[in-house]
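The chain contents come next:
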Amino acid sequence: MRLDIEKMVYGGDGLGRLPADENGRGKTVFVPFVLEKETVEARIYEEKRSFARGQLIEVVKASAERVEPGCPYFRRCGGCQYQQASYAHQLEIKAQVLKENLRRLAKIELETELKVHASPPWNYRNRARLRVQHQGEFALGYFKFESHELQAIEQCPISSPLINRVIGELRELGRAGRIAGEVEEIELFAGAGDEQLLVELYGREDMNRAVARKCVDEMKAALGEAAGVVAFKKAGLGHAAGEPKFAASAGESKLK
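These notes cover the structure that comes with them. Computed from a predicted structure; not experimentally measured.

**Notes on the pattern of salt bridges**
Point 1. Scanning the model with the defined rule gives 20 salt bridges in all.
Point 2. Among the salt bridges present, the one from lysine 7 reaches glutamate 100, with a minimum N-O distance of 2.7 Å. Of this pair, lysine 7 sits in strand E2 (residues 7–8) while glutamate 100 sits in helix H1 (residues 87–105), and the two are 93 residues apart along the sequence.
Point 3. For lysine 7, a relative accessible area of 32% puts it in the partly exposed group.
Point 4. With a closest N to O distance of 3.6 Å, arginine 131 and glutamate 185 form a salt bridge. Linking arginine 131 in strand E7 (residues 127–133) with glutamate 185 in strand E10 (residues 183–190), this pair joins segments that are 54 residues apart in sequence.
Point 5. Judged by its relative accessible area of 17%, glutamate 185 is buried.
Point 6. Salt bridges sharing partners connect three or more residues here, namely Arg127, Arg129, Arg131, Glu185 and Glu187.

**Thoughts on the side chain of threonine 39**
Point 1. Along the chain, the position of threonine 39 falls in strand E5 (residues 39–47).
Point 2. A polar contact of 2.9 Å, which involves the side chain of threonine 39, links it to the side chain of aspartate 4.

**What to know about the sheet that holds strand E6 (residues 51–61)**
Point 1. Pairing is mixed in the open sheet, where 6 strands are placed in the order E1-E5-E6-E4-E3-E2. Two strands lie at the open edges of the sheet, namely strand E1 (2–4) and E2, each paired on one side alone.
Point 2. Of the strand pairs in this sheet, E1 and E5 are connected by 3 bridges, and their pairing is antiparallel. When the bridges of E5 are listed, arginine 2 appears paired with glutamate 41.

**Some remarks on the pairing of strand E11 (residues 197–203)**
Point 1. Taken across its 7 residues, E11 has 6 buried, putting it largely inside the fold.
Point 2. In this sheet, E11 lies alongside E10 in antiparallel orientation, the contact comprising 7 bridges. For alanine 190, the partnering residue across the bridge sits in E11 and is leucine 197.
Point 3. Counting the residues between successive antiparallel strands, the hairpin from E10 to E11 contains 6 residues, one of them, aspartate 194, with a positive phi of roughly 55°.

How each quantity is defined
Residues numbered from 1 in each chain as written. Predicted model: local features only at pLDDT ≥ 70, side-chain atom pairs only at ≥ 80, totals over all residues. Heavy atoms only, no water. Salt bridge = Lys/Arg side-chain N within 4 Å of Asp/Glu carboxyl O. Helix = DSSP H or I, 4+ residues; strand = E, 2+ residues; numbered from the N terminus. Buried < 20%, exposed > 50% of the residue type's maximum accessible area, 1.4 Å probe, protein only. Polar contact = N/O pair within 3.5 Å; in protein donor to acceptor, adjacent residues only side chain to side chain. Pairing = 2+ DSSP bridges.

Remember that the coordinates give geometry; whether it matters functionally is a separate question.
This is the structure:
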């Protein structure tokens, strides 16, 4: 189905409309990876009472702001929504979406332009939370777009250089069998100077303290950039839902 994209909305989708029918104005369709004023071919894969969702098939008429994404995992990985746009236009989209949400939800009409404080277009993110795959070949990554399936990555172009180096080091540790199979997620937080980081491990409920202790000690020793490593495990019955339990730590708890 051919759609004209009217605008971008919160979450990264573009808004188009189905053809008008006997009930009046056409139903709203949300399509990811498009830009406003583009004409696209999309496949409608979900239709609700008041809206529908579409999958981008082809860009028929591209925006002048469309660029080639800088990440090889874009559209497969669920971590980014705007890499099809130039970085300057990404900032414009986010400002427009914020203003519309303030107008629509909070009933606030801004009389001045938003002042945007831009980061560098790449390597700006100082935090990354990675899923861990132990079955088959060890891998690290994010969830695939609209999925709970792992998208393995070698590097993340929006994460800091330090985080990318440590992703490579973790991959080598995992492939050498030096990351416990109970570890399901690893979160990396880099300091302001991108010279040291904190590592948080999130394990299964059955990860015992001896395994957690060994894991944090070995990882602290193996990662020269890690100021501290802490392990948590999923809480069992009787604990707050979703709140992990402390298991072990090594090194600092804060970055200086």
